[in-house]
Amino acid sequence: MGQISGEQIEPARAIEFDAFFEREALGQLRRTVLLLGSEADAGDVVQEAFARLWERWDRLDEPGPYLNRTVLNLCRDHARRARRHRGVLARLDRRPETTEHSELLDDVLAGLPFNQRAAIVLRYWAGMTNDEIAHELGCAPGSVGPWIRRALDTMGKELR
């Protein structure tokens, strides 16, 4: 018997899943490319959908509808993240032109730990709130304020 992440796999179960994968994967990939416009992103979405399907394989009477729904939901999630990302990039593009002062500031920013640097950039260049920053960084909203304070303290010392 094979093994996936510590779980013993029944051979018949694996054979059924492999056959389903062979029938469905290419069609799912084609539809997902059309939905997302990117082969790389589509491949990631379809792979994630099949991984989720595998976790529920023994409990599903009809895996096809589950797979279709999962792919569509993952495409929606991907589109939301892409829209949010484009919004952040648009706000960052409004950053003032480079001056010698901003080059010094860039150097100081580069010396900060990632979470502090990200919180500063998202707050002051992207104009995000603490909740929005926390969402983007995948952390608790209460972490953002201290990161910003520490970063500003460090930057103040460095720029003096």
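As shown above, the structure is provided for reference.
Numbering of residues begins from 1 in every chain and follows the order in which that chain's sequence is written. Reporting of local features is limited, given that this is a predicted model, to residues whose pLDDT is at least 70; pairs of side-chain atoms are given and counted only at 80 or more, and all residues count toward the totals for whole chains, interfaces and linings. With hydrogens and water stripped out, all remaining heavy atoms of the structure feed into the side-chain values.

Q: Report on the environment of Leu-29, specifying residues and quantitative values.
A: Helical segments are the DSSP runs of H or I of at least four residues, strand segments are the runs of E of at least two, and each set is numbered from the N terminus. The residue Leu-29 is located in helix H1 (residues 11-36) in this model. With a relative accessible area of 31%, Leu-29 lands in the partly exposed category. Residues Leu-29 and Ala-42 lie 13 residues apart in sequence; the distance between their C-alpha atoms is 6.2 Å. Dropping the residues within four chain positions of it, Leu-29 is found in contact with Ala-42, Gly-43 and Val-46. The classification of residues rests on relative accessible area computed with a 1.4 Å probe and restricted to protein chains. Under 20% of the type maximum is buried, over 50% is exposed, and intermediate values are partly exposed. Pairs of residues are marked as contacts when any of their non-hydrogen atoms sit within 4.5 Å.

Q: Explain the packing of aromatic side chains residue by residue, including any values.
A: To pair, rings of Phe, Tyr and Trp, with the six-membered ring standing in for Trp, must have centres within 6.5 Å; the planes then decide the type, stacked if under 30 degrees apart, edge-to-face if over 60, and tilted in the middle. For the coordinates displayed, the defined rule picks out six aromatic pairs. Here the aromatic rings of Phe-21 and Phe-50 are separated by 4.7 Å at their centres, their planes lie at 65 degrees, and the arrangement is edge-to-face. Remark: Phe-50 occurs in helix H2 (residues 39-56) and Phe-21 occurs in helix H1; sequence separation between them is 29 residues. In textbook terms, an aromatic cluster arises when at least three aromatic residues are bridged by ring pairs, as seen for Phe-17, Phe-20, Phe-21, Phe-50, Trp-54 and Trp-57. Here, over-ring charges are defined by two tests on the NZ atom of lysine or the CZ atom of arginine: distance to the ring centre within 6 Å, and angle to the ring normal within 35 degrees. Taking NZ or CZ as reference, Arg-13 lies 4.1 Å from the ring centre of Trp-54, over its face.

Q: An account of the nonpolar core is requested, with residue identities and associated values reported.
A: We call a set of buried Ala, Val, Leu, Ile, Met, Phe, Trp, Tyr and Cys residues a nonpolar core when their side-chain atoms join them within 4.5 Å. Counting 17 residues, the largest nonpolar core has Leu-109, Ile-120, Ile-133, Ile-148 and Met-155 as the members making the most contacts within it. Broken down by secondary-structure element, the contributors of at least two residues to this core are helix H4 (100-110), helix H5 (114-125), helix H6 (130-137) and helix H7 (141-159). Broken down by element, the residue count for this core peaks at five residues, all from H7. Each residue touching Ile-148, except ones within four places of it in the same chain, is listed here: Ala-119, Ile-120, Arg-123, Tyr-124, Asn-130 and Ile-133. One finds Phe-17, Trp-57, Tyr-66 and Cys-75 within the second-largest nonpolar core, a separate group that totals 16 residues.

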